[in-house]
Structure formats: C-alpha cells, structure tokens
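Notes for the structure review
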Amino acid sequence: MTLSRRFRLVLIALILSASAAIAAGQPITLNVDASDVARKIIRVREEIPVTPGPITLYYPKWIPGEHGPDGPIDAVTGLEMNAGGQTVRWTRDLLDVYTFHADIPQGASTLEVSFQYLEPTGAGGPFTSGGSATDKLAVIEWNQETFYPAGAPAKEIMFKPALHLPEGWKYGTPLPVDRESGSRIEFKPIDLEHLVDSPVITGEYFNNVDVTPPGEPIHHELDLAGDSAASVEMSPEMRQHYVNLVAETGKLFGARHYRDYHFLYSLSDHVAHFGLEHHESDDSRVGENGLHSGGPGAASLLPHEFVHSWNGKFRRPADLTTPDYEQPMKTDLLWVYEGLTDYLGPVLTARSGLWTPEQYRNHIATIAAELGPGRPGRTWRDLQDTTLAPLVRGGFGGGWFNWKRGVDYYDEGDLVWLWVDVMIRNLSHDQKSIDDFCHIFHGGPNNGPEVKTYTFDDIAATLNQVAPYDWAKFLHERLDSHSPEAPVGGIEAAGWRVEYTDKETQGGRGGGGGFRGNFTSAVYSVGLSIGPDGRVSDCIWDSPAFKAGVIPGMTVLAVNGRKFTPEIFNQALIATKTGSEPMELIVENDDYLKTVRIDYHGGPRYPHLVRIEGKPDLLSEIIKARAPQPGTSATTGDHDEP
Ligand SMILES: [Zn+2]
C-alpha cells in the first residue's frame, strides 16, 4: 500500500506541528511513586519540556519482546495535564487510543502529566500487562509509567527517572543509579529506549545472588523477589548451575553485549507467569515455589531469556526494529528471534546442568510429538504463517489449538535449528557447529546494549560462511512445509528417533507428558486432553475421539458406564489394548448429554527418543558442557574463551 502525495504532505505537516511543542535538550523528569504498589496503585508525574502550540503524546503500544500492540492503556487512570499554571485539556485520538493530543498555552515551558497506573487485580492482559505486583513484591515496567512526545525516535528522548518504593523494600535493576535516599532512588539520565529496556524488581523478601563465573570480567547477578522468605532462598547447587549458565554463554557466543547482567526473577503465585527479555536483564516470573519445585519448565526459563540478550536484543530482525512504540512491528522472522532462542535455551539448560541429558531428550521428544500427531494444523498452516500469531491473537492455547496453531515458531523453530546444527556438523565433518554460527552472528565488540539488525539473507549468508550449502532453499522448505510430520530430520541425523510407548514421558516442557497432576493427556492415543474435572481442553482434529463426536469444551461425565475420574479414564485407556469393544464416554455439550463410542484399540501412547543403532550420538555431543564445571567431569570443550 502506498499513500497519495497530498496525504503524505498533510502527514508531514502534522508530524512537524506535533514536534514543534517539544523543547529540545532537556530531559523529561519522571517520578514514579510505587510506595502504594501493594495496593496495586502506582502514581506517576512527568514534567515534559515544551514550547507553546499543539503537542501529541503517545502511551507505549508495541512492547518490545511481546511482539504485539498490547501496551496496557486500559490501566491508565486519573490522567491530568497542566502547563503554565493552567489545566490543559487533552483529547484521545479517535483512530488510536494510545495517542493523545493537547495544546500548550503561550508562555508555558513545561507540561506536567500525572496519572495512576493500576496494576490488574485479576488476571490482567498478556505478559507485562498481566499482574506484576503483590502485597510483597513488584516489577516496575517503565513503558507502563510513561507518556512520551511524538516526533523523535525513542533513543533520542532523554528521561531523568526517579522511583519511590515501599519502605524497607529492596530492589534490583540494570539501570545506573545516580543517588539513593531512604526509599527514593534517582537514576542517571537515560534515553527512552534503554529506560523501557531496564525494568526494576523490588520486594520485601529479596535475595541478590552473584553468579559471575571465576575469571569473568562482567558482573552477573540474580535479583530474586518472592512472596515469602523461603521462596528467594537458592541452594549452592542451583547457584552453581546459573554460574555454569553464564560461563556456557561465554563459550557459545564468544562475546557479550551488556555492561552487566541482572536476572530479575519473581517468585509468586499472584503475578502473571512468563519471561520477557531485555539487553541487560530479563523479567522472569514463576510460582512462589519455583526455585524448589518449579520443574523443567522453570529450569529452562532463565536460559531462554538470557539467550535473547544476544538473539533478539543485540541481533534483531530489521523489520521488528522500530524507532518508537507506536510504529507497528513485522513479525515474519520470529522463527529466528524466538525459534533459535528456543533451540539454544534448552541446549544451555542441559550444558549448565539445570537439566539432565534425559530431560533434554524428553523435551525434544515432547515437542516433536506435539508438532507431529499433536498438530494436524501443520497441513494447512505453515511455520512461516505462525509467525503472525501474536497479531492473530489466541495463539497461546485453548480449544482446537492443535488445528488452529499458534506460536509454534518457538517449538518448530527449535527442531529446525537443531536440524541446522546437525547439518553444519555433518557438512563440516564435525569441525563446525551452531556454536561457530553464534560466534560470527552474535559476536563482535561489546559496546554495551546496542542493536544490530538482520534480514533472512543475512542468516543464509552467515550459515554459508560456516558451512557452504543452499541454506536459503533448506530454510524455505522448512518454513513453507505443510507436511503432517514434524521436522524430525535433525533428531534422526543426530542418531535418535521419536517412538511411542505406554510409558509416560517424564519432564520435557509441559505438554506431551501423560497421566500426571490429575491432567489426562491422551493426545497420541484417542486424541484428547482432559482436565481433572473431565472438561475436554483439546481434541485432536480427525483423531479417534474427534471422529466419535468429541469437541473441546465438552465435559466427560462417565467412561464405560462409570463416573469420570482421571484414574477411571486411564484404566479404560489401558483396557483398549486388550478389549475389542469401543471406549464409551457420556459427554455433556451445552447442558445436553450424549453417548460417544471411540473406536480405538492401541492403549496409552507417549513419546520418547530412542537411539538409532549404528549412528553417532550427536545429541549428547550438542548438550555436553563446554566450560569447566567445578565438581563435575565436564569437558573443557573445543572452543576458545571469548
Ligand atoms: Zn523468547
């Protein structure tokens, strides 16, 4: 689409008039009062240097790392503007609710903007627009506490931020501190781009753990805030795993692109659970007992977000790199941004000892099964199209997920990049690997947090530099495939194969498992996921259960004439192997009951990786530690120190 010449001139005039009211040279003063954050109220006051005339202000809309227009504008309340001792009337743009217009009166040189940011009292929106504050901790996201003037890129708008915390709360952030007095922290002047990239974690129960490996010149720390004193206590063994993680990234990338690094880690049942990457920190959140019983999912979270400092923040797709938070982002290269990260994160999780080799293999088996028989939607929707999932929305689960597909560029990207890694090893006769690609692609001098953009052609060219091959064709074939089979070529070339047995898959990341925690996964047998109350959370398209008439949202009331419990269902599933009768369910659909008969006789089926005899085991080679690890017999690896 292109704009007419007349419209373009009008647009330029509008932009010029909008920027005329910003006074250059002085920073915007930003006071964030989070002293009342336990009541989920944050009070903000900004002083924006201006000149008289019309001004346009934006509230951040497209949030970096969230890949979508999900800035929580609905949480902004009590908005007032004043200038030159007068109230300034604001109006919201009719076509964009994140854009505000006002007129600065003659003689005024400062626009005061004040508002409250209300933390969600319920579930809230996705990622950082979800719950970020409890009675005992909070994560302050600067994009939520800031209006900024239109007309200049974020990296040219300077702020002088200050933060008021609840009394006695401690904090962690990569943001350089100017001075502190009591509960008030004043930060050094910083541009908007780096301010938004540097959240603050704060809490009553707080633990700061140094995870810098011996001899590493750059400081790394974990800043833990939790809902109890026990939640933030880390065992020496786990600390060592994170020290290993930092050392392993040095081996993998051979360079760092930050001044120091802070893992900001929230441990609470009352905040949204996710991870969000930044250049010099990550905002990761799990349940209150995440450090002690978080399982494989929690163990692989920090490695994933840490990888993003190189892959996503430093190296970023050109069309995902926008000058401010108002311009739309294009998400077509998320299979690199997230997919390669989703490959390297688990590899580093295993290399640093946070996962055992078996947990890594179960993770790979699980995603291969989920993308094969667990994802018939691959036949109509290819990997490339899933990169638009953040904009299509609804891509994070729910009924028919197997047929609709969602953010599959994570898991499918993982398998594609494993395939690339194994291809490099084979093409180079085991002289090169993905580590060499990362050394070139993510290397270079450490200039602090900076962005170096790339395109598809840059990816193919760098792969060619490592191991000559028609990589563009290889990648396009994977991106455009409509095969019902998962891309398991890398697994098989690495000496392993996905096999289904009646033994439940242990570990892995969520999904694929089996009859655990009262959740019934009969995905690879009858084609059903069923909650503890019998509610069908998903039904595989064209599976035996689908053909019998089951859909997501129904509730299973009885199995073979007996009231549903997960145990009863599982017993009936085991019995399908020996019995000749179909499995009979009574299901409820919108208050109506019906009986369905599932013609299935295979018993339970769960995915596992098994060795292909006679083929070298490259998978074990890939996850072997590169850095020396105290107390283990890990190899010193074949790559030089950064
Ligand atoms: Zn990610």
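Scroll up to find the structure this text is about.
Together, Leu 388, Leu 391 and Val 392 make up an exposed nonpolar region whose accessible area comes to about 240 Å². For Val 392, the location among the structural elements is in helix α11 (residues 389–392). Residue class for Val 392 comes out exposed when judged on its relative accessible area of 54%.

Attention now goes to the sheet that holds strand β16 (residues 200–203). The strand order across the open sheet built from 3 strands is β9-β16-β12, with neighbouring strands paired in antiparallel fashion. Every other strand in the sheet has two partners, leaving β9 (137–140) and β12 (170–172) as the edge strands with one partner each. Adjacent strand axes in the sheet meet at a mean angle of 20 degrees, parallel and antiparallel pairs treated alike. By the bridge criterion, 3 bridges tie β12 to β16 in an arrangement that is antiparallel. Note on β16: the bridge partner recorded for Gly 172 is Ile 201.

What the 3 strands build is an open sheet, ordered β25-β26-β27; its pairing is antiparallel. Of all the strands in the sheet, just β25 (520–522) and β27 (536–539) have a single pairing partner and so form its edges. Between one strand axis and the next, the sheet turns by 5 degrees as a mean value, whatever way the strands run. Bridge count for strand β26 (residues 528–530) against β27 is 3 bridges, and the pairing is antiparallel. Paired with Ser 529 across the two strands is Asp 538, which belongs to β27. Lying over the sheet, helix α19 (residues 566–575) contacts β25 and β26, oriented at roughly 20 degrees with respect to β25.

Once that is clear, we can look at the packing of helix α13 (residues 409–427) against helix α16 (residues 471–479). Working note: a packed helix pair is described by the angle between its axes plus the distance between those axes. Viewed as axis vectors pointing N to C, α13 and α16 meet at an angle of 150 degrees, and their least axial separation amounts to 11 Å. Between α13 and α16, the angle falls in the class roughly antiparallel. When you trace α13 past α16, the crossing you get is right-handed. Counted together, Glu 412, Val 416, Trp 419, Val 420, Met 423, Ile 424 and Leu 427 of α13 and Trp 471, Phe 474, Leu 475 and Arg 478 of α16 form the full contact between these two elements. Grouping the constituent residues of the contact of α13 with α16 by class yields 9 nonpolar, no polar and 2 charged.

Looking now at the pairing of strand β31 (residues 592–598). Both strand β30 (residues 583–589) and β31 contribute to a ladder of 7 bridges, which runs antiparallel. Among the inter-strand pairings, Leu 585 is bridged to a residue of β31, identified as Val 596. Connecting β30 to the antiparallel partner β31 that follows it, the hairpin turn spans 2 residues, and Asp 590 within it adopts a positive phi of roughly 50 degrees.

Definitions and cut-offs
- Residues numbered from 1 in each chain as written.
- Predicted model: local features only at pLDDT ≥ 70, side-chain atom pairs only at ≥ 80, totals over all residues.
- Heavy atoms only, no water.
- Patch = residues over 30% accessible without salt bridge, like charges linked within 9 Å, V, L, I, M, F, W, Y side chains within 5 Å.
- Areas by Shrake-Rupley, 256 points an atom, 1.4 Å probe, with all protein chains shown as cover.
- Salt bridge = Lys/Arg side-chain N within 4 Å of Asp/Glu carboxyl O.
- Helix = DSSP H or I, 4+ residues; strand = E, 2+ residues; numbered from the N terminus.
- Buried < 20%, exposed > 50% of the residue type's maximum accessible area, 1.4 Å probe, protein only.
- Pairing = 2+ DSSP bridges.
- Axes fitted to C-alpha atoms, helices over the stretch in contact; angles between N-to-C directions.
- Contact = heavy atoms within 4.5 Å.
- Parallel < 35°, antiparallel > 145°, perpendicular 65-115°, else oblique.
- Left-handed = near helix turned anticlockwise from the far one by under 90°.
- Nonpolar A, V, L, I, M, F, W, Y, C, P; charged D, E, K, R; others polar.

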